[in-house]
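Descriptive analysis of the structure
The residues making up each chain are set out below.
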Amino acid sequence: MNTWHSLISLLPFEWTQFGFMRTALLAVLIVSPLFALMGTLVVNNRMAFFSDAIGHASLTGVGLGVLLGLADPLWALVAFALILGVGIIALQRFTRSAMDTVISLSMSFSIALGVVLLSQGGNFNKFTHYLIGDLLSITPGEVGQLLVTSVLVGGALLFAYNRILLIGLNESLARSRGMSAWWTQMLFCTAIVMVVTMNLRWVGILIVNSMLIVPAAGARNIAKNARQYVFYAVGIALFSGVAGLIASFYTNTATGATIVLVAMACFVVTLGIKAARHRWAGEWPSGTRIIG
Amino acid sequence: MEPQLDHHKGLARHVCGECCTKIEGIGVTLSGNRVLENVSLHLHCGELTTLVGPNGAGKSTLLRTLLGELPHSGRIHFLPVFGHGRQDAPAIGYVPQQLEFDRFSPISVQDAFSSALSRWPVVLWHSRRDRNTAREALAAVHAEHLIGRKLGELSGGELQRVLLALSLTPVPNLLLLDEPVSGIDLPGREMFYRTVSELRRQFDLAILMVSHDLTGVTAVSDRIVFLNRRIVCSGTPAEVIANPEVRRTFGLDLVIPTPTRP
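Residues numbered from 1 in each chain as written. Chains lettered and ligands numbered in written order. Predicted model: local features only at pLDDT ≥ 70, side-chain atom pairs only at ≥ 80, totals over all residues.

1. What to know about the overall build of chain A
Of the regular secondary structure elements, chain A holds 12 helices and 0 strands. When its helices and strands are written in sequence order, chain A yields α-α-α-α-α-α-α-α-α-α-α-α. Here chain A has a C-alpha radius of gyration of 20 Å; the compact-globule value for 292 residues is 19 Å, and the two agree. Buried residues in chain A amount to 47% of all 292 residues. (Helix = DSSP H or I, 4+ residues; strand = E, 2+ residues; numbered from the N terminus. Rg over C-alpha atoms; globule rule 2.2 N^0.38 Å. Buried ≥ 20, exposed ≤ 12 C-beta atoms within 10 Å, placed from the backbone.)

This is the structure we're talking about:
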């Protein structure tokens, strides 16, 4: 940790002179690749709305934690998000209803419950930092925790990547090859919950999902296979993470949101590259879907 | 192991013509509707059995039941012919009717193979073994040139050939094809049927194929089963085509009037 700090402070920039910036930079370098890796699967498997619901459910988790009198509501948050995630998948499977309806229902329920719990006694303002997040307040000890959970979740994701990919491609096909869709989905759901809840305090409920989706959506525009897909997504996530952090220092804005704006700019660039490639190849049929 | 399995010993990869899969008295009810009723069918190695019937006859339901996706009454008995694959969970190759997938997903043909064959994450690199296996499997269906292409960029016929190659790696005990050629032009169809026909002999496969295209499959099928919730008739192509109900359903007796000059 000390080596990290002395190394970064050697850089000839103003922001490198602040300890909190150096710690935050380390956090960004740890979580960005994980967000990107997970995002590629979330987008492929059309789970973007699902991960959004998990983020919003965290509000209720915080409320429950406060209600139970926990000093740190993190565990209540993880538990509630996990229950909701498993609940959504189980409900969708057993009732065979449309996924978006089930998610919408659970999200309405959990947000309403969260707001009711947290607004009790008119104290909602105390919790707004969960909505926006504050990356700059992260401590070196917390970065250590983040590193451990990121390595664990990242390892599990890589281990299950092929299965999740094939199930996302076509479930019957994966099943015919002896893969259990249920268990794979459960593992994936747990991983999403871990990533979203562990980073909630630094990124904020409102934009945690953008951190997952935007780099992957951008990479999808220019990638031709799974390896390029993840490679570009990680690249976009790292670039926008570092650039957004530094920009937020000079503009004095919320870090998470600034990172997402940079990532959105990257997305627009990939869109341009995609359009240019099509024009190059001489194909530009009317009605072509550009965003994919 | 039950005694009746003995005739398969040492016979793997030779045409044995014996039963590989026994379906006994299968019934399926989906949301209150009886979709399949008392269906009994024996599938033989090295034979192509084609399932025909009108829309809503339960053809795809029967395949999904064999894949273990639907609750059913009756018994399905798989015989582990090739050694791998257990009796309750045999190796089944499956080619879906029309692969419903996101055509914009950046997944290459090689990615699909590697992710199905091994646990080594496709995002890192493909092992030499996975690359060789994929190339050989694709060569068997005359599609090795497609290995680096994105799945979403393949034509209907190309995609079905890639899926066929995938379903044959590793060689399954039973191959299920759900209307594999719907939406494919005539040359693509003929190529697909020819490939399936070659593979059946080469790998001594039991194949169950669902088809709408009765006239197209008579030449390649060993047996045809006419299904309409229950089995209406089954036998050699010649026998089934002679059946009056089959002729009525497929309009085989219709005579196209030739225009005459006044």
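Read on for the rest.
2. Section: the sheet that holds strand 6 (residues 174-178) of chain B
Residues and elements named next belong to chain B. Pairing within the open sheet is mixed, and its 6 strands lie in the order 5-6-7-3-8-9. This sheet does not close on itself; its edge strands, each paired only once, are strand 5 (92-95) and strand 9 (230-235). Pairs of neighbouring strands in the sheet enclose a mean axial angle of 20°, with direction left out of account. Two strands pair when backbone bridges link them, and strand 5 and strand 6 are joined in this way by 4 bridges, in the parallel orientation. Its bridge partner being in strand 6, Val95 is matched across the sheet by Leu177. (Pairing = 2+ DSSP bridges. Axes fitted to C-alpha atoms, helices over the stretch in contact; angles between N-to-C directions.)

3. Description of the packing of helix 7 (residues 140-169) of chain A against helix 2 (residues 109-117) of chain B
Helix 2 of chain B packs onto helix 7 of chain A with a crossing angle of 120° between their chain directions and a minimal axis gap of 8 Å. It follows from the interaxial angle that helix 7 of chain A and helix 2 of chain B lie oblique. Handedness of the crossing formed by helix 7 of chain A with helix 2 of chain B: left-handed. Residues A:Asn162, A:Leu165, A:Leu166 and A:Leu169 of helix 7 of chain A pack against B:Ala112, B:Ser115 and B:Ala116 of helix 2 of chain B. Here the residues of the contact of helix 7 of chain A with helix 2 of chain B sort into 5 nonpolar, 2 polar and no charged. (Parallel < 35°, antiparallel > 145°, perpendicular 65-115°, else oblique. Left-handed = near helix turned anticlockwise from the far one by under 90°. Contact = placed C-beta atoms within 7 Å. Nonpolar A, V, L, I, M, F, W, Y, C, P; charged D, E, K, R; others polar.)

4. Digging into the nonpolar core
If you look at the biggest cluster of nonpolar residues, it comprises 155 residues, and the most contacted ones within it are A:Met38, A:Ala81, A:Ile192, A:Val195 and A:Ala233. In contact with A:Ile192, not counting residues within four places along its chain, are A:Met38, A:Val42, A:Ser51, A:Ile54 and A:Gly85. (Core = buried A, V, L, I, M, F, W, Y, C linked by C-beta atoms within 7 Å.)

5. Considerations on the interface of chain B and chain A
Taken together, the contact pairs 24 residues of chain B with 25 residues of chain A. At the level of elements, strand 5 and helix 2 of chain B are the ones that each hand at least two residues to the side of chain B that touches chain A. Among the elements that line the side of chain B that touches chain A, the one with the most residues is helix 2 of chain B, at 4 residues.

6. Things to note about the pairing of strand 9 of chain B
Where strand 8 (residues 223-228) of chain B lies against strand 9 of chain B, 5 bridges are found, and the strand directions are antiparallel. The residue bridging B:Leu227 from the neighbouring strand is B:Ile231, located in strand 9 of chain B.

7. Let's talk about the environment of A:Asn209
Residue and element names in this part refer to chain A. The residue Asn209 is located in helix 10 (residues 208-222) in this model. A residue is classified by how many C-beta atoms lie within 10 Å of it, and Asn209, with 23 of them, is buried. Expressed as a C-alpha distance, the spacing of Asn209 and His56, which sit 153 residues apart in the sequence, is 9.4 Å. When neighbours within four sequence positions are excluded, Asn209 is seen to be in contact with Ser51, Asp52 and Gly55.

8. Thoughts on the confidence of the model for chain B
Residues and elements named next belong to chain B. Looking at chain B as a whole, its pLDDT mean stands at 76, while 86% of the residues score no less than 70. Strand 1 (residues 19-30) is the least confidently modelled element of chain B, averaging 76 in pLDDT, while strand 7 (residues 206-210) averages 87, the highest of any element. Counting interchain partners and residues more than four positions distant, the pLDDT-below-50 stretch residues 1-15 has 15 contacts. For residues 82-88, every residue scores under 50 in pLDDT, and the model assigns this stretch 13 contacts once sequence neighbours within four places are set aside. Two numbers describe this predicted complex: its pTM, 0.78, and its ipTM, 0.73. (pLDDT = per-residue confidence, 0-100.)

9. A look at the packing of helix 2 (residues 19-44) of chain A against helix 9 (residues 181-203) of chain A
All names here are of chain A. Put simply, helix 2 and helix 9 touch, their axes get as near as 11 Å, and they point 145° apart. Once helix 2 is placed against helix 9, the crossing between them reads as left-handed. For the pair formed by helix 2 and helix 9, the contact residues are Ala27, Val31, Leu34, Phe35, Met38, Leu41 and Val42 on the first element and Phe188, Ala191, Ile192, Val195, Asn199 and Trp202 on the second. Per-class residue counts for the contact of helix 2 with helix 9 are 12 nonpolar, 1 polar and no charged.

10. Here's the deal with unusual backbone geometry
With a phi close to 55°, A:Arg46 is a non-glycine residue in the positive phi region. Residue position: A:Arg46 is located in the loop between helix 2 and helix 3 (48-67). Unlike most non-glycine residues, B:Arg229 shows phi in positive territory, near 70°. If you trace the backbone, B:Arg229 turns up in the loop between strand 8 and strand 9. Residue classification places B:Arg229 among the buried positions, given that 20 C-beta atoms sit within 10 Å.

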